[in-house]
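# Structural characterization, general
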Amino acid sequence: MPDSLRIVLAEDSVLLREGLVGVLARFGHEVVAAVGDADELTRAVAVHEPGLVVTDVRMPPGFRDEGLRAALALRAERPALPVLVLSQYVQRAYAAELLDTGDGTGVGYLLKDRIGQVEQFARAVERVAAGGTVVDPEVVRQLLRRRRDPLAALTPREREVLGLVAEGRSNGAIARELVVTEAAVGKHIGNILAKLDLPPAQDTHRRVLAVLAYLRA
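Below or above, wherever it landed, is the structure these notes cover. All of these numbers come straight from a predicted model, not from anything done at the bench. (Residues numbered from 1 in each chain as written. Predicted model: local features only at pLDDT ≥ 70, side-chain atom pairs only at ≥ 80, totals over all residues. Heavy atoms only, no water.)

## Comments concerning the pattern of salt bridges
A side chain of one charge can pair with a side chain of the opposite charge if their charged atoms are brought near each other. Stated precisely, the cut-off is as follows: One speaks of a salt bridge when a side-chain nitrogen belonging to Lys or Arg is within 4 Å of a carboxyl oxygen belonging to Asp or Glu. Each helix is a run of H or I in the DSSP string that is no shorter than four residues. Each strand is a run of E no shorter than two, and both are numbered from the N terminus. Classification of residues uses two cut-offs on accessible area relative to the type maximum, computed with a 1.4 Å probe and protein chains only: under 20% is buried, over 50% is exposed, and between them is partly exposed.
Applying the stated criterion across every chain yields a total of 11 salt bridges. Glutamate 158 is paired through a salt bridge with lysine 195; the nearest N and O atoms lie 2.9 Å apart. With glutamate 158 in helix H7 (residues 156–166) and lysine 195 in helix H9 (residues 182–195), the pair connects residues that are 37 residues apart, well separated along the chain. With a relative accessible area of 4%, glutamate 158 lands in the buried category.

If you want it as structure tokens, here you go:
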């Protein structure tokens, strides 16, 4: 049996959290802290210095991506800290960023509904803690689809702004159409250019390149 691991677990569902504590104990591992939100996760890691973090994605207070963002922050501070994300959802932008941390070692992303056996989960825990990488095939599929779609990172509002740019509208015309300020439109366009990886350059027109990306998508 692998060495016992000291684990910090973050899961907002009380029943699932207690169930995971029991499963991990069954395989000889110690959950040194079982918490229900991202702030508690960060504090627990600082106090206990665990050998592994297991976290959900959507947690209080916003139930959006707090757990995954906390995992990213922890990996930024501690690149060698193994992190296993266990969720019902694929947050594509943050998932890709997480898998890029620490040279892609000691990291995993599994979908709760696709784990068929507790032994499968236990093996993933031990592999990630040992520096391996475990990613659900559905997560891989969605990440590959994101890379094929250059607009995947844009918000609905940014897509709307880019569509109006593609129609040849000026910032002022877009502002009037959307009933916002020109400054807001300028900020949206700046975000669009950054997300499409279009840095300033003397010999290219970034708005035109952004429109081409929009039309190709």
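## Things to note about a nonpolar patch on the surface
As a reminder, the rule being used: Surface patches are drawn from residues lacking salt bridges whose relative accessible area is over 30%; two like charges belong together within 9 Å, two nonpolar side chains (Val, Leu, Ile, Met, Phe, Trp, Tyr) within 5 Å. Using a 1.4 Å probe, the Shrake-Rupley method yields the accessible areas, and only the shown protein chains count as cover for residues.
Together, Val208, Leu209, Leu212, Tyr214 and Leu215 line one region of the surface with nonpolar side chains, adding up to about 400 Å² of accessible area. Residue position: leucine 215 is located in helix H10 (residues 206–216).

## Re the packing of helix H2 (residues 38–48) against helix H3 (residues 66–77)
For clarity, the threshold we go by: An axis is simply a line fitted to the C-alpha atoms; with a helix, the fit covers only the stretch in contact. Between two such axes, the angle follows the N-to-C directions and lies from 0 to 180 degrees. With respect to orientation, any angle under 35 degrees is reported as roughly parallel, any angle over 145 as roughly antiparallel, any angle of 65 to 115 as roughly perpendicular, and every other angle as oblique. Handedness of each helix crossing follows the sense of rotation of the near helix against the far helix: counterclockwise by less than a right angle gives left-handed, clockwise gives right-handed. Contact criterion: two residues are considered in contact whenever any of their non-hydrogen atoms come within 4.5 Å of each other. Each residue is assigned to one class: nonpolar for Ala, Val, Leu, Ile, Met, Phe, Trp, Tyr, Cys and Pro, charged for Asp, Glu, Lys and Arg, and polar for all the others, Gly among them.
H3 packs onto H2 with a crossing angle of 25° between their chain directions and a minimal axis gap of 9 Å. Judged by the inter-axis angle, H2 sits roughly parallel to H3. When you trace H2 past H3, the crossing you get is right-handed. The segment H2 lies against H3, with Ala38, Leu41, Thr42 and Val45 engaging Glu66, Gly67, Ala70 and Leu74. When its residues are assigned to classes, the contact of H2 with H3 shows five nonpolar, two polar and one charged.

Limitation: the analysis is restricted to geometry and does not speak to function.
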